[in-house]
Amino acid sequence: NISSQDSSGVMVGLLCQTLLKIATNKPSLTVNFANSPLPLTFETQSREKAEKGSMIANVLVVAFSLIPAGVICFVVKEREDNLKHQQIISGVSLLAYWSANAVIDIFKSLVPCSIGIGLIYAFSINLPDSWILIFIYAFTIIPFTYATSFLFAKENVAQIATLMLHFLAGVVLSPVFTMLKLFESTRSAANVLGWIIRVIPSFALSYGITNISYKSLYAALDRKPVPDNLSFDCAGGDLLFLCIM
């Protein structure tokens, strides 16, 4: 309800208009009034920014989950149909095989990631430095997908499992850890477990963008200064894992 903040002022205006109609016996009488509420508090602004950032992170991860799902099906399919084996016995080295695939797949992942970055700036969304996480994600997700491809023998199983892994890590686990960090009793556990789950690039991306949007709220809860976006108190840990994975 986007009009709820105006309800108190509108109610007083309508009440005055009704009383004036009764007092003057003029049913057609109208009163024009203006409502100028006080500006939003810092806490309210921080909460709105945090909610917007969390929503954007979820939307991006839903879209970017299709990148590894599309990559892994071709890798497993080539191994399932012995296409990779045919290339190897024909003289293609393993280094050349994986390097060629990586170059093409990274280029394909850069396209949607670039579009995501462009949309953030096109709509003037205040998520500074989030483009760094998105850009590095395009390079990180490909080798991670290659590594997890060895866990599957069937193309369809690999695609569905990969899609669910990144969807759950980015859309489910990231908000769960964010909520845990809002409560003092669970904050330390969330901080420790978050370092473990960051090995999944989609979680690191979503969690990093969320940490940037929630940094002011976290700082207010901890009674600390607002950290830099890429410090380890904010999204620095997520950036680190995206770089090394």
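As the structure is a prediction and not an experimental result, all values here were calculated from the model.

J.: Got a minute to help me understand the overall build of the protein in this structure?
T.: Secondary structure summary: the protein contains ten helices and zero strands in total. Each helix (α) and strand (β) of the protein, taken in turn from the N terminus, gives the series α-α-α-α-α-α-α-α-α-α. At 25 Å, the protein has a C-alpha radius of gyration far larger than the 18 Å of a compact globule built from 245 residues. Its C-alpha atoms put the protein at 100 × 45 × 30 Å along the principal axes. When each of the 245 residues of the protein is scored for burial, the buried share is 38%. Considering only contacts within the protein whose residues lie at least 6 apart along the sequence, 73% involve residues at least 24 apart. Counting only carbon and sulfur atoms, one obtains 68% of the accessible surface of the protein, whose full area is about 14100 Å². Mean positive and mean negative side-chain charge positions of the protein (16 and 15 charges, respectively) differ by 5 Å.

J.: Just checking my understanding: could you explain the nonpolar core for this structure?
T.: Generally speaking, soluble globular proteins have nonpolar side chains that are buried together. Of all hydrophobic cores here, the largest spans 32 residues; its most connected members are Phe 64, Leu 133, Ile 134 and Ile 209. By residue number, the principal contributor to this core is helix α6 (residues 130–149), which donates nine residues. Judged by nonpolar contacts, the second largest core, of six residues, contains Ala 169, Phe 177, Ile 200 and Tyr 207.

J.: What should I look at first to understand the pattern of salt bridges in this one?
T.: Two side chains of opposite charge can pair, provided their charged atoms sit close to one another. Enumeration over the complete set of coordinates arrives at six salt bridges. We note a salt bridge from Glu 155 to Lys 77, for which the minimum N-O separation is 4.0 Å. Remark: Lys 77 occurs in helix α3 (residues 66–80) and Glu 155 occurs in helix α7 (residues 155–181); sequence separation between them is 78 residues. The exposure class of Glu 155 is partly exposed, given its relative accessible area of 26%. You can call Lys 77 partly exposed: its relative accessible area is 32%. Between Asp 105 and Lys 108 there is a salt bridge; the shortest N-O distance is 3.4 Å.

J.: What is the right way to look at helix α10 (residues 236–244) in this model?
T.: A turn of α-helix holds 3.6 residues, and therefore any two residues three or four places apart point the same way. Taken together, the buried positions of α10 are occupied by Gly 236, Gly 237, Asp 238, Leu 239, Phe 241 and Leu 242. The elements touched by buried residues of α10 are α6, α8 (184–197) and α9 (201–222).

J.: Help me understand a nonpolar patch on the surface in this model?
T.: Among the surface-exposed residues, Val 62, Ile 160, Met 164, Phe 167, Leu 168, Val 172 and Val 176 lie close enough to one another that they form a single nonpolar patch of about 560 Å² accessible area. For the nonpolar patch, the element with the highest residue contribution is α7, accounting for six residues. By the element assignment, Val 172 lies in helix α7.

Conventions and cut-offs
Residues numbered from 1 in each chain as written. Predicted model: local features only at pLDDT ≥ 70, side-chain atom pairs only at ≥ 80, totals over all residues. Heavy atoms only, no water. Helix = DSSP H or I, 4+ residues; strand = E, 2+ residues; numbered from the N terminus. Rg over C-alpha atoms; globule rule 2.2 N^0.38 Å. Buried < 20%, exposed > 50% of the residue type's maximum accessible area, 1.4 Å probe, protein only. Contact = heavy atoms within 4.5 Å. Areas by Shrake-Rupley, 256 points an atom, 1.4 Å probe, with all protein chains shown as cover. Lys, Arg positive; Asp, Glu negative; His and termini not counted. Charge placed at Lys NZ, Arg CZ, Asp CG, Glu CD. Core = buried A, V, L, I, M, F, W, Y, C linked by side-chain atoms within 4.5 Å. Salt bridge = Lys/Arg side-chain N within 4 Å of Asp/Glu carboxyl O. Patch = residues over 30% accessible without salt bridge, like charges linked within 9 Å, V, L, I, M, F, W, Y side chains within 5 Å.

Scope: geometric values only; no functional claims are made or implied.
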